[in-house]
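If you want the building blocks of each chain, they are given just below.
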2 protein chains.
Amino acid sequence: MRAATTEEIKQTARRILVEQGPEAVSLRAIAREMGMTAPALYRYFTSREDLIRNVVGDIFNELSGDIGLAIGRASQSGEDITAKLIAACREFRRWSFSHQGEFGLIFGSPLPGVDDGRGDFADECGRRFAGVFFALFYELWRRSPFPVRAPEEIDPGLRAQLERFRTVIGADLPLGAILAFLRCWTKLYGAVSMEVFGHIGFALDDAAPMFELTLAELAEDVGLVYVPGS
Amino acid sequence: MRAATTEEIKQTARRILVEQGPEAVSLRAIAREMGMTAPALYRYFTSREDLIRNVVGDIFNELSGDIGLAIGRASQSGEDITAKLIAACREFRRWSFSHQGEFGLIFGSPLPGVDDGRGDFADECGRRFAGVFFALFYELWRRSPFPVRAPEEIDPGLRAQLERFRTVIGADLPLGAILAFLRCWTKLYGAVSMEVFGHIGFALDDAAPMFELTLAELAEDVGLVYVPGS
DNA sequence: TGTAATCAGTTTACGTCATTTACTAAAGTT
DNA sequence: AACTTTAGTAAATGACGTAAACTGATTACA
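Let us look at the structure shown here. (Residues numbered from 1 in each chain as written. Chains lettered and ligands numbered in written order. Predicted model: local features only at pLDDT ≥ 70, side-chain atom pairs only at ≥ 80, totals over all residues. Heavy atoms only, no water.)

Let's shift gears to the overall build of chain A. Along chain A, the regular secondary structure elements total nine helices and zero strands. Counting from the amino terminus, chain A carries its helices and strands in the arrangement α-α-α-α-α-α-α-α-α. In terms of overall dimensions, chain A has a C-alpha envelope of 60 × 40 × 40 Å along the principal axes. Among the 230 residues that make up chain A, the fraction classed as buried is 52%. When contacts within chain A are restricted to residue pairs at least 6 apart in sequence, long-range pairs at least 24 apart make up 66% of them. When the accessible surface of chain A is totalled, it reaches about 10,900 Å², and 54% of it is carbon and sulfur. Averaging the locations of the 25 positively and 32 negatively charged side chains of chain A gives two centres separated by 4 Å. (Helix = DSSP H or I, 4+ residues; strand = E, 2+ residues; numbered from the N terminus. Buried < 20%, exposed > 50% of the residue type's maximum accessible area, 1.4 Å probe, protein only. Contact = heavy atoms within 4.5 Å. Areas by Shrake-Rupley, 256 points an atom, 1.4 Å probe, with all protein chains shown as cover. Lys, Arg positive; Asp, Glu negative; His and termini not counted. Charge placed at Lys NZ, Arg CZ, Asp CG, Glu CD.)

Below, the structure is given as structure tokens:
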């Protein structure tokens, strides 16, 4: 009787998530699939919640990896930072679409209540994911800085928060650039989640062309130019 | 023994949703709260899903009403369309924050699978909600049209979808304006859901000042001017 | 007025869920 | 050989959605 591993358990959970949707991910189903009984899983995770959070972490890592690969591919054909940013954003959308269950799990409403940022594995992976985009953004800023809001022009309350965030991540960017990053991320997240969650379906069947417009706008926001036909 | 009404049942579900979170909304809990047993609820709704969808519809209606009221209040102090739009967007954010459980229910990930837009009560209310914003947008366009993309400049695939959507809602706006509306709604939804779902918490504690910047950008998108200190 | 139908529930039951507790068999350690 | 640890099972608890059968009251009609 070979002992199971946390890795196998998480993979099984992932498979059930993908094949049968989020609500099918029960301890019983996972255990059944592995030829075990549900309580055995408590040897590896303290609760279902704990297991799920670890799966969330894995998903974040996979997403980070996929986007990293897309950036890598874009790098091969020249050192164009615009191409890399576009590739990263497009890959984010593509991944989200082909992994809707996972997307809902990591970017949907955090049901368990007010527990965001409690420093667990999933949060750490989430931050690493943010880091993928931030690294790209940082590279862009170094290579070709674009006009941003001056610190004095930023609302004092917001400025203080941005300063703290900048300290936490240890970046030497102007506050306006940090702000631009957060605003871009918000736009990207909004466009993708709106689409993946089906909330734009009342008007559009295929929002891909509109996403291209979002990309163009994001590019413009950071001083780049992107014309929606690649 | 007074008979219960669907209205009472939905209200009870709402109360439990607000007081104890989304996962506490069980048929048993609702029935318990009403001094009944769970199977009795099947006299009024065909399933839990059916009940929830009806609650979702009510929530949409309430949100529509609240935003309508906010627009009404903004109308009292002059006929400024900018003030009304800002008030509507601000009320949307305020409501979403003070009704996080409800927000998650109507704007979160549609767990049951691929069933969006199947024409039930909830969908109808969702469209009515969209109509509140659209009416405002339409008023804006009539009063002071702003430059929009010409039809020939819109991706053909997107153009076709926009034409169909325009026919469905029976509006006589240029396609570019419809597109602008959808893009504004996407931005607004993105900013609010990002914040309410706690996904901006890794950087900011209070995203209110950043939302003001979003408002300024939205205003600019439709040819208006909004300066973030009211 | 008597009887049948309908309404608004209850009771019971089934299978599922997460989780706890107590137990067991094997493997490793001293 | 005696022990501890590991990795599981079995059984139980209390919650869940849902289906079926049943019950008592109210209403409709002859």
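On to the protein's contact with DNA strand C. Neighbouring DNA strand C are 18 residues; Tyr-42 and Arg-48 of chain A together with Thr-37, Arg-43 and Tyr-44 of chain B lie closest to it. The sugar-phosphate portion of DNA strand C accounts for 57% of its atoms within 4 Å of the protein, the bases making up the rest. The contact in question runs from a phosphate oxygen of DNA strand C to an N or O atom on the side chain of Tyr-42 of chain A, over 2.6 Å. Thr-37 of chain B places a polar side-chain atom, nitrogen or oxygen, 2.4 Å from a phosphate oxygen of DNA strand C. Sorting elements by how many residues they give to the surface near DNA strand C places helix α2 (residues 27–33) of chain A first, with three residues. Of the residues that constitute the surface near DNA strand C, the class distribution is nine nonpolar, four polar and five charged. (Near = heavy atom within 4 Å. Polar contact = N/O pair within 3.5 Å; in protein donor to acceptor, adjacent residues only side chain to side chain. Nonpolar A, V, L, I, M, F, W, Y, C, P; charged D, E, K, R; others polar.)

Our focus in this paragraph is the protein's contact with DNA strand D. Thr-37, Arg-43 and Tyr-44 of chain A together with Arg-28 and Tyr-42 of chain B are the nearest of the 19 residues found near DNA strand D. When the atoms of DNA strand D within 4 Å of the protein are grouped by moiety, sugar and phosphate amount to 54% of the total. One of the backbone N or O atoms of Arg-48 of chain B is found 2.8 Å from a phosphate oxygen in DNA strand D. Sort the elements by how many residues they give to the surface near DNA strand D and helix α2 (residues 27–33) of chain B lands first, with three residues. A breakdown of the residues in the surface near DNA strand D according to their chemical character gives 10 nonpolar, four polar and five charged.

The next subject is the interface of chain B and chain A. In this complex, chain B contributes 44 residues to the contact, which on the side of chain A involves 44 residues. When the buried surface of chain B facing chain A is broken down by residue, Gln-161, Arg-183 and Phe-202 of chain B rank first, second and third, together holding 14% of it. Remark: the boundary between chain B and chain A carries six salt bridges. The partner of Arg-183 of chain B in a salt bridge is Glu-217 of chain A, with the nearest N and O atoms 2.3 Å apart. Along the contact surface separating chain B from chain A lie 16 residue pairs in polar contact (both at pLDDT 80 or more). When contributions to the side of chain B that touches chain A are tallied by element, the ones reaching two or more residues are α5 (100–107), α7 (156–169), α8 (175–196) and α9 (208–221) of chain B. The dominant element in the side of chain B that touches chain A, judged by the number of residues it contributes, is α8 of chain B, at 11 residues. Of the residues contributing to the side of chain B that touches chain A, the split by class is 24 nonpolar, 10 polar and 10 charged. (Buried area = accessible area lost by both parts, 1.4 Å probe. Salt bridge = Lys/Arg side-chain N within 4 Å of Asp/Glu carboxyl O.)

Here we take up the nonpolar core. Phe-92, Phe-107 and Phe-133 of chain A together with Phe-92, Phe-107 and Phe-133 of chain B are the most contacted members of the largest nonpolar core, which has 158 residues in total. Apart from the residues within four sequence positions on either side, Phe-133 of chain A is in contact with Ile-67, Ala-88, Cys-89, Phe-92, Phe-181, Trp-185 and Leu-188 of chain A. (Core = buried A, V, L, I, M, F, W, Y, C linked by side-chain atoms within 4.5 Å.)

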